[in-house]
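Close look at the chain arrangement
The lines below spell out each chain.
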Amino acid sequence: MALDLLLFGPPGAGKGTQAAAVARAAGVPHVATGDMFRGHLSQSSELGMQAKAYMDRGALVPDTITISMLSERLTGSDAEAGVLLDGFPRTIGQAEALDGMLGERGRQVAALLSIEVPAEELVRRVSGRLVCRDCGKTFHALEAPPRVAGVCDDCGGEVMRRVDDSEETVRARYAVFREQTEPVLAYYREFGTPIVTVDGARDRAVVEADLLAAISNLSPGPA
Ligand code: AMP
């Protein structure tokens, strides 16, 4: 049976930080639409160019573009046993489209993992966030800097600041989350999808332990 999970939360909640461990525990690939857009952008593909203007100002890329990119990703053979979606769906339209795409395959969202963090903490975190351009590992300029400035501890790639991580853009992204993305939670709650809420304002290891415990309760069998 496939295991399709949603990692949900505002920008800076720690979705990207937690995703690898959660995906590993669930035995499914980590699919992050933000990473996919950034990948397109770094290759200057047409899709990347279309998405750039929206991303730079902290707005959502239109549903038509986002849904077709995700739909194509779901056709990958590695997605047959399920996916951990990170940053998707971000609108009710995307949620409906996702349910349709999974439904065609006889699947549905198994659970939504919601990481909650207060707004001011998000701004503080994101405005110090640094990301490896090669492997996506995240650091924090003050609290968790890379061992060698500008160099990823894990892969040696270049560690940099995301263009959309300025305080102004972070506030815009948070407003978009409140207006357009939060309703997705109510949509799944109404549908009866299991929702696991985790307090993301704690140490990352504690948050990870909570998420992994939730996964082990969901998985069809021991990992
Ligand atoms: P993230 O890395 O998830 O914070 O995404 C970075 C940016 O990519 C967002 O601020 C949006 O501009 C765009 N993006 C990522 N996922 C989506 C989505 N599901 N729908 C629309 N835009 C998205």
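Above this note sits the structure.
Remember, predicted model here, so these are calculated numbers, not experimental data.

A few words now on the sheet that holds strand β8 (residues 195–199). What the five strands build is an open sheet, ordered β2-β3-β1-β4-β8; its pairing is parallel. Of all the strands in the sheet, just β2 (30–32) and β8 have a single pairing partner and so form its edges. The sheet shows a mean angle of 20° between the axes of neighbouring strands, direction not considered. Both β2 and strand β3 (residues 84–86) contribute to a ladder of three bridges, which runs parallel. The partner of Ala32 across the bridge, within β3, is Asp86. Across the sheet, helix α1 (residues 15–26) is in contact with β1 (4–8), β2, β3 and β4 (109–116); its angle to β3 comes to roughly 175°. Against the sheet, helix α2 (residues 33–42) makes contact with β2 and β3, and its axis sits at roughly 65° relative to β2, the strand it touches most.

Turning to the environment of Ala144, a few remarks are in order. Locating Ala144 in the fold gives a position in the loop between β6 (138–140) and β7 (159–160). The spacing of Ala144 and Arg129 is 15 residues in sequence and 9.2 Å in space, taken between C-alpha atoms. Setting aside chain neighbours within four positions, we find Ala144 in contact with Phe139 and Arg204.

We now examine the nonpolar core. The tendency in soluble globular proteins is for nonpolar side chains to be buried as a group. Within the largest apolar cluster, 28 residues are counted, with the highest numbers of intra-cluster contacts made by Leu6, Phe37, Leu70, Leu85, Leu98 and Tyr188. Of all elements in the fold, only β1, α2, α3 (46–56), α4 (63–74), α5 (92–104), β4 and α7 (167–191) reach the threshold of two or more residues within this core. At five residues, the largest contribution of residues to this core is made by α4. Excluding anything up to four places from it in sequence, Leu98 contacts Leu6, Leu70, Leu74, Leu85, Phe88, Pro89, Val109 and Tyr188.

Next up on the list: helix α8 (residues 204–218). Between its terminal C-alpha atoms α8 stretches 21 Å, which fits the 21 Å expected from 15 residues at 1.5 Å a residue. Buried within α8 we find Val207, Leu211, Ala214 and Ile215. Along the axis of α8, the buried residues cluster in a sector spanning 100°; they form a single face. In this structure, the buried residues of α8 make contact with β1, α1, β4 and β8.

This next bit is on the site of the ligand. The environment of the ligand is made up of 16 residues, and the closest members are Thr33, Arg38, Ala59, Gly87 and Gln94. With respect to the ligand, the backbone of Val61 contributes an N or O atom lying 3.0 Å from a nitrogen atom. In this structure, Gln94 approaches the ligand through a side-chain N or O atom, which is 2.9 Å from a nitrogen atom. When isolated, the ligand has an accessible area of 480 Å², and the protein chains bury 96% of it. Counting residues per element, the shell around the ligand draws most heavily on α2, which supplies four residues. Its residues placed into classes, the shell around the ligand shows six nonpolar, five polar and five charged.

Moving on, we come to the pattern of salt bridges. Taken as a whole and assessed by the stated rule, the structure comprises 18 salt bridges. With a closest N to O distance of 2.8 Å, Asp4 and Arg107 form a salt bridge. Here Asp4, found in strand β1, pairs with Arg107, found in the loop between α5 and β4; they are 103 residues apart in sequence, far enough to count as distant. Arg107 matches Asp4 in its accessibility class, with the two residues each being buried. Glu182 serves as the salt-bridge partner of Arg178, at 3.0 Å between the closest nitrogen and oxygen. One end of the pair, Arg178, and the other, Glu182, are both in helix α7, four residues apart, so they sit about a helical turn from each other. Judged by relative accessible area, which is 30%, Glu182 ranks as partly exposed. Salt bridges sharing common partners tie together Glu121, Arg124, Arg125 and Glu143.

What counts as what
Residues numbered from 1 in each chain as written. Predicted model: local features only at pLDDT ≥ 70, side-chain atom pairs only at ≥ 80, totals over all residues. Heavy atoms only, no water. Pairing = 2+ DSSP bridges. Helix = DSSP H or I, 4+ residues; strand = E, 2+ residues; numbered from the N terminus. Axes fitted to C-alpha atoms, helices over the stretch in contact; angles between N-to-C directions. Contact = heavy atoms within 4.5 Å. Core = buried A, V, L, I, M, F, W, Y, C linked by side-chain atoms within 4.5 Å. Buried < 20%, exposed > 50% of the residue type's maximum accessible area, 1.4 Å probe, protein only. Expected span 1.5 Å × (residues − 1). Arc of directions from axis to C-beta. Near = heavy atom within 4 Å. Polar contact = N/O pair within 3.5 Å; in protein donor to acceptor, adjacent residues only side chain to side chain. Areas by Shrake-Rupley, 256 points an atom, 1.4 Å probe, with all protein chains shown as cover. Nonpolar A, V, L, I, M, F, W, Y, C, P; charged D, E, K, R; others polar. Salt bridge = Lys/Arg side-chain N within 4 Å of Asp/Glu carboxyl O.

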